[in-house]
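Survey of secondary and tertiary structure
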Amino acid sequence: MPRAVAGRRLRRRSIEASFQVGIAHHLSHRVPDQPRSPFPILCLPSPFLRPSHSLSPRSDQPGSLPVSDRTSSSSAHRAALCTPFHLHLQIPYTMLSAGARAFSALTRPRFTTASTTTLRSPAALRRLLSALAILEQRNGKLNQGSLSAVTAAAKLGGPVHAFVAGSNVKAVAEEAAKVEGVEKIIAVENGAYDKGLPENYAPLLVENIKKGGYTHILASATAFGKNLLPRVSALLDSQQISDITAIESENTFVRPIYAGNAIATVESTDAIKIITVRGTAFAPAAVGSGSASVEDGVDPKAESTTEWVSEDLAKSDRPDLSTAEKVVSGGRGLKSKEEFDKIMLPLADSLGAAVGASRAAVDSGYADNSLQVGQTGKVVAPQLYLAVGISGAIQHLAGMKDSKVIVAINKDPEAPIFQVADVGLVGDLFEKVPELIEKLKSA
Ligand SMILES: Cc1cc2nc3c(=O)[nH]c(=O)nc-3n(C[C@H](O)[C@H](O)[C@H](O)COP(=O)(O)OP(=O)(O)OC[C@H]3O[C@@H](n4cnc5c(N)ncnc54)[C@H](O)[C@@H]3O)c2cc1C
């Protein structure tokens, strides 16, 4: 988040009393442009979490909604005052006793904002900090998407090691050794880790983290990373920092919250920071001229209570949705699976694009679940995102609004998608898309 918007930063007072209970009153630090909430907000910091978080309006992001739209509901207003790391309750002011108000006044909140973080010199960082990036492999092949964790780890400034486990892991380790910026690969050869089951993978990782004395553990926010790191965090009694999009310092990170409608800058005081990394914010590190050493990791051979039975993977010759340069997504406007296939697949082929879909299209059976883009689907940030018959609900925007160029085709000129689109075409998709395909073919 640029410092330029710091003036508009929504300051939230972290309330710290001996047992950390306080009242963040809305009068003194309400969201800009917002009506006052008739209620004060009671923030109860979680015992697991840190008090030093700040929130900023997303005015720096292209395609973001105006502040008033983002935070017009009282729940969003509350959300802006209490970070997700705090439980928040709303109670009528009149219910607060005079004693409680006096307590609130006495336990004056202490400001701790991310900007107070001390930045260390590169030499000090190398001494104090070491990062472990968790890499993914499938059938002996390195998952390139998992290299986003290396990119993020390198930004911390200290040495970067990478971890990989599975059968025939040597080939993966050798490929990973060529990744630029990695000093050492920790590899564990054992087929029990092939499927990345968190039940046995988490204890494996914990042993290797302890042995290496790492301060930062990073994995991509993929299904694997999101499945694994919460267990690792629990085992290490550390608070996970999820889905980061930027690193401000070795203990301060930026992450979207509320479907990307607010950006939280969070500071962690945990000795070991467990972090998942948003792939669209950190380009995968290049496999190139690196020459990391490869070392065997420790294998605790923990028993897994879960057994891998089978998998049914969607196969496609088209580019992978998560990493494609171009994405064409279809929505409920397509009306049926037949029309979705008839319209969207030739459009994707004519552009060399991956196919995506809105949740409504997925729920209606027009497209496979793996194609869903949005808050509960995949987050994409291609060069070109073409939305066809998609209204632009906030949950859909959460998955694609960082795309470089957004094009929308919709028959409703008032459709919200046009608010974020760089190029909009108002018209019937059943006419416009075939026309577009013809033009692309003849171009
Ligand atoms: C907790 C939660 C999580 C969610 N997660 C996601 C998510 O991850 N991804 C997601 O997409 N949604 C998600 N949703 C659902 C989301 O709120 C919307 O319901 C959904 O995105 C709507 O999909 P849609 O735009 O395809 O359908 P609609 O909103 O029905 O829009 C269809 C659009 O097609 C247009 N149209 C119709 N016919 C034509 C035509 N002939 N030519 C041109 N345009 C036409 C209409 O004008 C309309 O704008 C979530 C909702 C919740 C509550």
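Rules used throughout
Residues numbered from 1 in each chain as written. Predicted model: local features only at pLDDT ≥ 70, side-chain atom pairs only at ≥ 80, totals over all residues. Heavy atoms only, no water. Helix = DSSP H or I, 4+ residues; strand = E, 2+ residues; numbered from the N terminus. Buried < 20%, exposed > 50% of the residue type's maximum accessible area, 1.4 Å probe, protein only. Near = heavy atom within 4 Å. Polar contact = N/O pair within 3.5 Å; in protein donor to acceptor, adjacent residues only side chain to side chain. Areas by Shrake-Rupley, 256 points an atom, 1.4 Å probe, with all protein chains shown as cover. Salt bridge = Lys/Arg side-chain N within 4 Å of Asp/Glu carboxyl O. pLDDT = per-residue confidence, 0-100. Contact = heavy atoms within 4.5 Å. Arc of directions from axis to C-beta. Pairing = 2+ DSSP bridges. Axes fitted to C-alpha atoms, helices over the stretch in contact; angles between N-to-C directions.

Before going further, it helps to examine the overall build of the chain. Of regular secondary structure, the chain possesses 13 helices and 21 strands. Burial status across the chain gives 50% buried among its 443 residues.

Right, let's get into the site of the ligand. Taken together, the neighbourhood of the ligand is formed by 26 residues, with Ser358, Thr376, Ser391, Gln395 and Asn410 sitting nearest. Taking lysine 411, its main chain carries an N or O atom lying 3.1 Å from a nitrogen atom of the ligand. In the environment of the ligand, a nitrogen atom lies 2.9 Å from a nitrogen or oxygen atom belonging to the backbone of leucine 429. When the ligand sits alone it has 980 Å² of accessible area, and the protein chains cover 77% of it. At the level of secondary structure, the elements contributing two or more residues to the shell around the ligand comprise helix 10 (359-363), helix 11 (394-397) and helix 13 (429-442).

Our focus in this paragraph is the pattern of salt bridges. Across all of its chains, the model carries 11 salt bridges by this definition. Two residues, lysine 195 and glutamate 311, come together in a salt bridge whose shortest N-O distance is 3.6 Å. Taken together, the positions of lysine 195 in the loop between strand 9 (184-189) and helix 7 (198-212) and glutamate 311 in the loop between strand 16 (293-296) and strand 17 (326-330) put the pair 116 residues apart, joining distant regions of the chain. Using a relative accessible area of 35% as the deciding quantity, one classes lysine 195 as partly exposed. Measuring nitrogen to oxygen at the nearest pair gives 3.6 Å for the salt bridge that ties glutamate 199 to arginine 231.

Turning to the confidence of the model for the chain, a few remarks are in order. When pLDDT is averaged along the chain, the result is 78, and 71% of the positions lie at 70 or above. Contacts from residues 1-118, a stretch scored under 50 in pLDDT, to residues over four places away or in other chains number 201 contacts.

All right, on to helix 6 (residues 169-177) then. What helix 6 keeps buried is the set Val169, Val172, Ala173, Ala176 and Ala177. For helix 6, the buried positions fall inside an angular range of 140° around the axis, keeping them on one side. Elements that come into contact with the buried residues of helix 6 comprise strand 6 (137-138), strand 7 (141-142), strand 8 (160-166), strand 9 and strand 16.

For the rest of this paragraph, the subject is the pairing of strand 20 (residues 405-410). Of all 6 residues in strand 20, 5 are buried; the element is thus mostly enclosed. The sheet contact formed by strand 19 (residues 384-388) and strand 20 spans 5 bridges and is parallel. When the sheet's bridge partners are listed, leucine 384 is paired in strand 20 with valine 405. Pairing analysis gives 4 bridges linking strand 20 to strand 21 (residues 423-426), with the strands arranged parallel. From the neighbouring strand, valine 407 faces strand 21, where its bridge partner is valine 423.

Mapping lysine 141 onto the fold places it in strand 7. Counting along the chain gives 31 residues from lysine 141 to valine 172, while the straight-line C-alpha distance between them is 5.8 Å. Beyond its immediate sequence surroundings of up to four residues, lysine 141 is in contact with Glu136 and Val172.

Right, let's talk about unusual backbone geometry for a bit. Backbone geometry at asparagine 139 places phi at a positive 50°, although glycine is not the residue there. Tracing the chain through its elements places asparagine 139 in the loop between strand 6 and strand 7. Positive phi values are uncommon outside glycine, yet alanine 259 reaches one of about 55°. Counting through the fold element by element, alanine 259 comes out in the loop between strand 13 (252-257) and strand 14 (262-267).

Glancing now at the sheet that holds strand 20. Pairing in this open sheet of 5 strands is parallel, and the strands run 18-17-19-20-21 from one edge to the other. Each end of this open sheet is capped by a strand with a single partner; those strands are strand 18 (354-357) and strand 21. For this sheet, the mean inter-axis angle between neighbouring strands, taken without regard to orientation, is 15°. Note: strand 17 against strand 19, 5 bridges, orientation parallel. Among the inter-strand pairings, lysine 326 is bridged to a residue of strand 19, identified as leucine 384. Here helix 9 (residues 337-351) sits on the sheet and contacts strand 17, strand 18 and strand 19; the angle it forms with strand 17, its principal contact strand, is near 170°. Strand contacts of helix 13: strand 19, strand 20 and strand 21, with the helix running at about 130° to strand 20, the strand carrying the most contacts.

Turning to its location among the elements, threonine 306 is positioned in the loop between strand 16 and strand 17. Assessed through its relative accessible area of 31%, threonine 306 is described here as partly exposed. The spatial distance from the C-alpha of threonine 306 to the C-alpha of proline 198 is 9.0 Å, given a sequence separation of 108 residues. The contacts of threonine 306, once residues within four sequence positions are left out, are Leu197 and Glu199.

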